[in-house]
Amino acid sequence: MSAKFLPIVLMTLAMSFGAAAYAQEDKQEVDGKYFDKEEEPTYNVKEDGTVDWYTYSGFRRYHSECHVCHGPDGLGSTYAPALAETMKTMGYADFIGVVASGKERITSSETSKMPAFGDNVNVYCYMDDIYVYLKARADEAIPRGRPKKRDKKPEQATTYENECREGT
Ligand code: HEC
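Residues numbered from 1 in each chain as written. Predicted model: local features only at pLDDT ≥ 70, side-chain atom pairs only at ≥ 80, totals over all residues. Heavy atoms only, no water.

**A short note on the packing of helix α2 (residues 53–65) against helix α8 (residues 155–166)**
Right, on to step 1. Two elements in contact, α2 and α8, have axes separated by 11 Å at closest approach and are oriented at 40°. The orientation of α2 with respect to α8, classified from their angle, is oblique. The crossing of α2 and α8 is right-handed. Note on element contacts: α8 touches α2 through Q156, A157, E161 and R165, opposite W53, Y54 and R61.
Right, on to step 2. Classifying every residue of the contact of α2 with α8 gives three nonpolar, one polar and three charged. (Axes fitted to C-alpha atoms, helices over the stretch in contact; angles between N-to-C directions. Helix = DSSP H or I, 4+ residues; strand = E, 2+ residues; numbered from the N terminus. Parallel < 35°, antiparallel > 145°, perpendicular 65-115°, else oblique. Left-handed = near helix turned anticlockwise from the far one by under 90°. Contact = heavy atoms within 4.5 Å. Nonpolar A, V, L, I, M, F, W, Y, C, P; charged D, E, K, R; others polar.)

**Observations regarding the packing of aromatic side chains**
Right, on to step 1. Under the criterion given, the structure shown has five aromatic pairs.
Right, on to step 2. Centre to centre, the rings of F59 and Y133 are 5.8 Å apart; their planes meet at 80°, and the pair counts as edge-to-face. Within this pair, whereas F59 is found in helix α2, its partner Y133 is found in helix α7 (residues 127–138), the two being separated by 74 residues in sequence.
Right, on to step 3. Residue F59 is classed as buried on the basis of its relative accessible area, which comes to 7%.
Right, on to step 4. Ring geometry for F95 against Y131: centres 5.4 Å apart, planes inclined by 55°, an arrangement best described as tilted. In this pair, F95 sits in helix α5 (residues 92–101) while Y131 sits in helix α7, placing the two residues 36 residues apart along the sequence.
Right, on to step 5. Owing to a relative accessible area of 3%, Y131 belongs among the buried residues under this scheme.
Right, on to step 6. Among the aromatic residues, ring-to-ring pairing joins F59, Y62 and Y133 into one connected group.
Right, on to step 7. Between R61 and the ring centre of Y126, over which it is positioned, the NZ or CZ distance is 3.7 Å. (Phe/Tyr/Trp six-rings, centres within 6.5 Å; stacked < 30°, edge-to-face > 60°. Buried < 20%, exposed > 50% of the residue type's maximum accessible area, 1.4 Å probe, protein only. Lys NZ or Arg CZ within 6 Å of the ring centre and 35° of its normal.)

**Some thoughts on the coordination of the iron atom of the ligand**
In ideal tetrahedral geometry, four donors around a metal make angles of 109.5 degrees, whereas ideal octahedral geometry with six donors gives angles of 90 or 180 degrees.
Right, on to step 1. Around the iron atom of the ligand, the protein supplies H70 (NE2) and M114 (SD) as donor atoms, at distances of 2.0 to 2.1 Å.
Right, on to step 2. For the iron atom of the ligand, the six donor atoms in the first shell make angles of 88 to 180° at the metal, a pattern classed as octahedral. Residue H70 is located in helix α3 (residues 67–70), and its partner M114 is located in strand β5 (residues 111–114); the two are separated by 44 residues in the primary sequence. (Donors = N, O, S within 2.8 Å, 3.2 Å for Na, K, Ca; no water. Tetrahedral: all angles 85-135°; square planar, octahedral: opposite > 155°, others 65-115°.)

**Things to note about the nonpolar core**
Right, on to step 1. Counting 26 residues, the largest nonpolar core has Y62, M87, F95, V99, V123, Y133 and L134 as its most contacted members.
Right, on to step 2. No other element matches the eight residues that α7 contributes to this core.
Right, on to step 3. Those residues within four positions of V99 in sequence are excluded, and the remaining contacts are M114, P115, A116, F117, G118, V123 and M127. (Core = buried A, V, L, I, M, F, W, Y, C linked by side-chain atoms within 4.5 Å.)

**Focus on the site of the ligand**
Right, on to step 1. As a structural note, the neighbourhood of the ligand is formed by 22 residues, with C66, C69, H70, R105 and M114 the closest of them.
Right, on to step 2. Contact distances for the ligand include 2.7 Å between an oxygen atom and a side-chain N or O atom of R105.
Right, on to step 3. The contact in question runs from an oxygen atom of the ligand to an N or O atom on the side chain of S112, over 2.8 Å.
Right, on to step 4. Under a 2 Å grid-point criterion requiring more than half of the atoms, the pocket assigned to the ligand is the largest pocket.
Right, on to step 5. For the shell around the ligand, the secondary structure elements donating two or more residues are α3, α4 (83–86), α5, β4 (103–106) and β5. (Near = heavy atom within 4 Å. Polar contact = N/O pair within 3.5 Å; in protein donor to acceptor, adjacent residues only side chain to side chain. 1 Å grid on protein atoms, 1.4 Å probe; cavity = no way out; pocket = protein on both sides within 12 Å on 5 of 7 lines; lining within 4 Å. Sits in = over half its atoms within 2 Å of the grid points.)

**Side note on the side chain of D128**
Right, on to step 1. Here D128 lies in helix α7.
Right, on to step 2. A distance of 2.7 Å separates the side chain of D128 from the side chain of K33, its partner in a polar contact.
Right, on to step 3. Excluding residues within four positions of it along the chain, D128 makes contact with K33, P41, Y92 and I96.

Here you go:
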């Protein structure tokens, strides 16, 4: 490489490191749960691929409650849209709204129905988990399949889960 390009290369490198550091600082961790700058739940993936507990939990819940229609890994099916695509643009509030209340689209040739999960404890107690998992898939922050490494379950997650499932 000619010396005259070196400063440009170094500058570009410095800029991309700067951007990465900024992205990290944009996230806040509270008891093992991550939030973005809008204070909405988000995922965290460490350099070695370890995901936060909620992302892992979301993987499990998604694959027990949603994948029958939406396909494995959020990739969609002939029946329901690929949520790994949807979540590139859908925000937290809209996601919660659709999952809690359902959605129906009726045309002359077909009916497409997303059921309401607002009274299903296996979904509503894990809304954030499923949301962050799908966001991670949408951002391609995690590959297909079960995350190989995860943080251990935060005490806070157990407390919330128990209270939510008991309806207190
Ligand atoms: C019985 C099949 C079925 C199950 C189970 C199901 N969905 Fe859906 N879902 C659909 C269909 C069909 C649509 C598209 C509805 C439409 O055309 O408006 C949809 C739409 C959605 C949308 C809106 C997508 C968009 O592009 O607007 C979200 C978000 C969603 N589902 C999340 C979930 C989550 C999370 C779960 C699991 C908790 C789940 N769904 C389980 C059938 C299902």
